[in-house]
Amino acid sequence: MASPLASSGAPFGRMLTAMVTPFTADRALDVDRAQRLATYLVDEQKNDGLVVSGTTGESPTTSDAEKDLLLRAVLEAVGDRATVVAGVGTNDTAHSIEVAKAAEQAGAHGVLLVTPYYNKPPQEGLYHHFASVADATGLPAMLYDIPGRTGTAIAVETLIRLAQNPRVAAVKDAKGDFFASSEVMLATGLVFYSGDDAVNLPWLSVGAAGFVSVVGHVVGAQLADMIGRYRAGDVNGARDIHQRLLPVVAGIMNRTQGAIMAKAALDLVGQWGGPLRLPLVEATEEQFAALRADLVAGGVKLAD
């Protein structure tokens, strides 16, 4: 199924949130709340794309069957008006291929492939891993370069080589090497997305198409406005939004693990954040209090 928003400049849309996965009080997958959250993100937070079953979605602790059910539910809720990208990456190429094929069958508009983690493959292994998974479906693939989590960065030469694969369309970058990424963009047609909310605005300045955000759970509309203003030439207006949101970014991304604080932030704005699965744990009372102050400082309207 083609993305409703695909274009050569932004094949996955521009403002995407890496969606948390809602669980019930006993930590079972909550499909109903997932659909409500997806609708809120698209309709109220102005997301034109969502990533499901990324690490913010606690993908290491959800089964393949749960991933499939979650993806189908989100597609049913918003798939006609937002790009829905399925996180399918693991550190096992064969398993990633299976998950990618299932995502294609479910109707995903694209797949997100994270660098294999823990086993630290060499660049040749990275190339063959990404190429093999990308070639397993007809879907466009977004590579996820986050060496702080995976232990391995995708080298410039490897990205240039992968860009020759027609299925490899984009990179979600949480590496923050603007010079290296600029080299890749100059040499290839790969589209870059900011994967680190702290540097969303700088990413636009070097050519990123948009964001794959965590703080977009509660300030997606403002981030979409930032993108729109920057693209319209209103750099000062985009900078004003960047500065206004600094407390929100710090509160969600710097106090503890991002999925923990994203769910806490959703609770604070009256959406369902809810519990997490171990080894992640819920925010403490102190973290909730600090986050509340951060959100207020960033202009976020909290629930009564």
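Conventions used here
- Residues numbered from 1 in each chain as written.
- Predicted model: local features only at pLDDT ≥ 70, side-chain atom pairs only at ≥ 80, totals over all residues.
- Heavy atoms only, no water.
- Helix = DSSP H or I, 4+ residues; strand = E, 2+ residues; numbered from the N terminus.
- Contact = heavy atoms within 4.5 Å.
- Expected span 1.5 Å × (residues − 1).
- Buried < 20%, exposed > 50% of the residue type's maximum accessible area, 1.4 Å probe, protein only.
- UniProt positions renumbered as here; feature names shortened; annotations may be inferred.
- 1 Å grid on protein atoms, 1.4 Å probe; cavity = no way out; pocket = protein on both sides within 12 Å on 5 of 7 lines; lining within 4 Å.
- Points joined across faces, edges and corners; volume = space filled by probe spheres on them.
- Nonpolar A, V, L, I, M, F, W, Y, C, P; charged D, E, K, R; others polar.
- Pairing = 2+ DSSP bridges.
- Axes fitted to C-alpha atoms, helices over the stretch in contact; angles between N-to-C directions.
- Right-handed = clockwise from strand over helix to strand, strands pointing away.

Some points on the environment of Val215
Move 1: Relative to the assigned elements, Val215 resides in the loop between β8 (210–213) and α9 (216–231).
Move 2: Considering only alpha carbons, one finds Val215 and Ala174, 41 residues apart in sequence, at a separation of 14 Å.
Move 3: Excluding residues within four positions of it along the chain, Val215 makes contact with Asp197, Gly220, Leu223, Val248, Val249, Ile252 and Met253.

Quick notes on unusual backbone geometry
Move 1: Residue Leu278 is joined to Pro279 through a cis peptide bond whose omega torsion reads 20°.
Move 2: In this fold, Pro279 is placed in the loop between α12 (258–268) and α13 (285–297).
Move 3: Within the chain, Lys120 stands out as a residue other than glycine whose phi angle is a positive 45°.
Move 4: Mapping Lys120 onto the fold places it in the loop between β4 (110–114) and α4 (123–135).

A few points about helix α2 (residues 64–78)
Move 1: Here α2 contains 15 residues, and its C-alpha end-to-end distance of 21 Å stays within 8% of the 21 Å for a straight helix at 1.5 Å per residue.
Move 2: Those residues of α2 lying buried are Glu66, Lys67, Leu70, Leu71, Ala73, Val74, Leu75, Ala77 and Val78.
Move 3: Buried residues belonging to α2 abut α1 (31–43), β2 (49–52), β3 (83–87) and α3 (93–106).

Here we look at the UniProt feature "active site" (unreviewed entry) in the protein
Move 1: Listed under "active site" (unreviewed entry) in the UniProt record, and renumbered for this structure, are Tyr144 and Lys172. For this annotated set, covering 29 residues, all C-alpha atoms fall within 4.7 Å of each other, a compact arrangement in space. Set against the largest pocket, the annotated residues named above that line it are Tyr144.
Move 2: Along the polypeptide, Tyr144 turns up in strand β5 (residues 141–145).
Move 3: Residue Tyr144 is classed as buried on the basis of its relative accessible area, which comes to 7%.
Move 4: Apart from residues lying up to four places away in sequence, Tyr144 is in contact with Thr55, Leu112, Leu113, Val114, Thr115, Ile154, Lys172 and Ala174.

Quick word on the layout of surface pockets
Move 1: One number sums up the size of the largest pocket: a volume of about 540 Å³.
Move 2: Taken together, 27 residues line the largest pocket, and the ones lying closest to its centre are Gly54, Thr55, Ser59, Pro60 and Tyr117.
Move 3: Ranked by the residues each element gives to the lining of the largest pocket, the list is headed by β4, at three residues.
Move 4: When its residues are assigned to classes, the lining of the largest pocket shows 11 nonpolar, 11 polar and five charged.
Move 5: What lines the second largest pocket is a set of 26 residues, and nearest its centre among them are Tyr144, Ile146, Arg149, Gly195 and Met253.
Move 6: Of all the secondary-structure elements, those providing two or more residues to the lining of the second largest pocket are α5 (147–150), β8, α11 (246–253) and α12.

So, empty space enclosed by the protein
Move 1: Overall, the coordinates contain one cavity of 30 Å³ or more when judged by the stated rule.
Move 2: There is about 60 Å³ of room inside the largest cavity.

A word on α4
Move 1: Helix length check: α4, at 13 residues, gives a terminal C-alpha distance of 18 Å against a target of 18 Å (1.5 Å per residue), a fit within 8%.
Move 2: Taken residue by residue, α4 has Leu126, Tyr127, His129, Phe130, Ala131, Val133 and Ala134 as its buried positions.
Move 3: Check the buried side of α4 and you find it contacts α3, β4, β5, α6 (156–162) and β6 (168–173).

Quick notes on the sheet that holds strand β1 (residues 15–18)
Sheet strands line up and pair through hydrogen bonds in the backbone, either parallel or antiparallel.
Move 1: The strand order around the closed barrel built from eight strands is β1-β2-β3-β4-β5-β6-β7-β8, with neighbouring strands paired in parallel fashion. For this sheet, the mean angle separating the axes of adjacent strands, direction not counted, is 25°.
Move 2: Sheet topology places β5 next to β6; five bridges connect them, and they run parallel. Paired with Leu143 across the strands is Val171, a residue of β6.

A word on the pairing of β4
Move 1: Along β4, five of the five residues are buried, which leaves the element largely enclosed by surrounding structure.
Move 2: The alternating pattern of β4 places Gly110, Leu112 and Val114 and Val111 and Leu113 on opposite faces, both of which are buried.
Move 3: As paired strands, β3 and β4 are joined by three bridges and run parallel to one another. Its bridge partner being in β4, Ala86 is matched across the sheet by Val111.
Move 4: Remark: the β3/α3/β4 crossover connection has right-handed handedness.

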